[in-house]
There are 2 protein chains.
Amino acid sequence: MSTSGAASPPEQAAVFTRIRLADRRDVPNIHRLIHQMAEFELLTDLFSATESSLSSTLFPSPPLLPFHSFTVLILEISQSPIHNAAEDDSDLGFRPITRRIALKSVFADPEASIFTSPRGDGLVVAGFLLCFPNYSSFMGRPGIYVEDIFVRESWRRLGMGKMMLAAVAREAARMGCGRVEWCVLDWNKNAIAFYEGMGAEVLPQWRICRLTGEELSKYAVDEEDSAGRP
Amino acid sequence: MSTSGAASPPEQAAVFTRIRLADRRDVPNIHRLIHQMAEFELLTDLFSATESSLSSTLFPSPPLLPFHSFTVLILEISQSPIHNAAEDDSDLGFRPITRRIALKSVFADPEASIFTSPRGDGLVVAGFLLCFPNYSSFMGRPGIYVEDIFVRESWRRLGMGKMMLAAVAREAARMGCGRVEWCVLDWNKNAIAFYEGMGAEVLPQWRICRLTGEELSKYAVDEEDSAGRP
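Just so you know, the residues in each chain are numbered from 1, in the order the chain's sequence is written. Naming scheme: in the order in which they are written, chains are lettered from A and ligands are numbered from 1. In view of the model being predicted, local features appear only for residues whose pLDDT reaches at least 70, and side-chain atom pairs are presented and counted only at 80 or more, with totals across whole chains, interfaces and linings using the full set of residues. Hydrogens and water molecules were not included; the side-chain quantities draw on all heavy atoms of the structure.

Enquirer: How should the overall build of chain A be read in this particular structure?
Expert: The helix count covers DSSP runs of H or I at least four residues long, the strand count covers runs of E at least two residues long, and both are numbered beginning at the N terminus. A count of helical and extended segments in chain A gives five helices and eight strands. Listing each helix as α and each strand as β along chain A from the N terminus yields β-α-α-β-β-β-β-α-β-α-β-β-α. Burial here depends on accessible area, computed with a 1.4 Å probe over protein chains only, as a share of the maximum for the residue type. Under 20% is buried, over 50% is exposed, and the range in between is partly exposed. Within chain A, the proportion of its 230 residues that are buried is 51%. Contacts between residues were defined by any pair of non-hydrogen atoms, one from each residue, lying within 4.5 Å. Across chain A, the fraction of contacts at a sequence separation of at least 24, relative to all contacts at a separation of at least 6, is 73%.

Enquirer: Help me understand the interface of chain A and chain B, please; the structure alone is not making it clear to me.
Expert: Quoted interface sizes are often the accessible area lost when the parts come together. With 80 residues of chain A at the interface, the matching set in chain B holds 80 residues. Buried area: the accessible surface (1.4 Å probe) lost by two parts on joining, summed over both. Around 7,700 Å² of area is buried between chain A and chain B when both sides are counted, 57% of it from carbon and sulfur atoms. For this document, the term salt bridge refers to a Lys or Arg side-chain nitrogen within 4 Å of an Asp or Glu carboxyl oxygen. At the boundary of chain A and chain B, one finds four salt bridges. Ionic pairing is found between arginine 207 of chain B and aspartate 186 of chain A, a salt bridge with its closest N-O pair at 3.4 Å. What qualifies as a polar contact is a pair of N or O atoms within 3.5 Å, subject to a donor-acceptor requirement within protein and to the restriction that residues adjacent in sequence count only when both atoms come from side chains. Linking chain A with chain B are 35 residue pairs in polar contact (both at pLDDT 80 or more). Throughout, the ten residues Ala, Val, Leu, Ile, Met, Phe, Trp, Tyr, Cys and Pro are labelled nonpolar, Asp, Glu, Lys and Arg are labelled charged, and all others, Gly among them, are labelled polar. Class assignment of the residues belonging to the side of chain A that touches chain B gives a composition of 45 nonpolar, 15 polar and 20 charged.

Enquirer: What is the right way to look at helix α1 (residues 27-40) of chain B in this model?
Expert: Three or four residues apart is the spacing at which side chains of an α-helix point the same way, because the helix has 3.6 residues per turn. All names here are of chain B. Helix length check: α1 (14 residues) gives 20 Å between terminal C-alpha atoms against 20 Å at 1.5 Å per residue, within 8%. Every buried residue of α1 is accounted for by Val27, Asn29, Ile30, His31, Leu33, Ile34, Gln36, Met37 and Ala38. Looking at the packing, one finds that the buried side of α1 touches α2 (51-58), β2 (71-78), β4 (124-136) and β5 (141-151). The span expected for a helix works out to 1.5 Å for each residue beyond the first.

Enquirer: I tried to follow the sheet that holds strand β1 (residues 14-21) of chain A on my own but got confused; where do I start?
Expert: Each strand in a sheet pairs with another by means of backbone hydrogen bonds, the pair being arranged parallel or else antiparallel. What the eight strands build is an open sheet, ordered β3(A)-β1(A)-β2(A)-β4(A)-β5(A)-β6(A)-β8(B)-β7(A); its pairing is mixed. The open sheet has two edge strands with one neighbour each: β3 (97-102) and β7 (201-203) of chain A. Put simply, the sheet's adjacent strands are angled 30° from each other on average, direction ignored. Helix axes are fitted to C-alpha atoms over the stretch in contact, other axes to C-alpha atoms as well, and angles between N-to-C directions run from 0 to 180 degrees. Packing against the sheet, helix α1 (residues 27-40) of chain A makes contact with β2 (71-78), β4 (124-136) and β5 (141-151) of chain A, and its axis sits at approximately 80° to β4 of chain A. A strand pair is defined by DSSP finding two or more bridges across the two strands.

Laid out in structure tokens, this is it:
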């Protein structure tokens, strides 16, 4: 491809990214992303989220401070540099992070028209991260737990997942948190190598216990209070 | 031991228990309990909590709603029935749970004088539970994560850990949570059998990733914002 300026360097394919705080307008895209994640993990039988349930549980009004409650970050991409609007530097205090990522070649995103961003022309949502505070009693300090990191198929292997995780680690370090934690499937050796490269330790011995569905509902019934009986 | 009433049944050894919400006055006992837990798990090298750090991170002023943020339940025991004082039915909405537990024999608690409760004569703190909200994106609903369940040596194998976990499950079910989750060490077969008996599923494939210490501190440094550079 020729350019008008004779002295211009050859154009290199690139994509511009932004990580910003989600708000209620992002719910339809978040819902679609979570469904894709369930498909990717072959767990669509566990998928029961609705736009309405996500909206009411993730975006209370007034909004809570990011990283002090359930927090969703949105990853957007654009073919041109992304300029933050005034609304993006909101009172909530998370300054959007923009980057330019060089590409070996330009490629198509067949889902671009489905994942248009509510924040502007030409912006497409490529992924999300969901996190919330957790607590280490040994350290006597809060931490951050990352429940989901997801990048759509077209935009994988470009470091975007790492960018989102690093954004959370940065906030956690600045907030004085003791830890950032998340989970990985033990057979996903690529993911494990990637996380270890970021400085994380994979704990071999701990297993998650889960009480859900009817087994959980049983506990709603009050047991008789037997105090004081002979 | 003889009793005064001729027709009285033979006295059976028993202990009375109460599970209630912790407050700031419980911090010294919580600190001691966490240290005992670290000793039990052979992880005292990870123990750095102080009374001050626990107080400021677990008990903000004004207090937050229980189970909507970091929440500590205290397990108390007494030789006589425990009557809830007015302060125990606080605006925070967690009604204390009292029980009578039959014992095969009376036994000594050598730490009773160290773990006296700030809530009244004869009450001794026997354990605690620490939990906080988590989130299932597949369900689009909050859940509760139990970080710690600990009962002091003298009071184990009497069902008190189960009572605390059941108290959380009850709250979770009533709040419409999708799940209650916690972790167990894979070699702790007794604990696993116990949790499965409570209706929990142990997930075999997930591993916890942890970013902490210097590896986490590195992320506090801002990376250069490269957006817009050629």
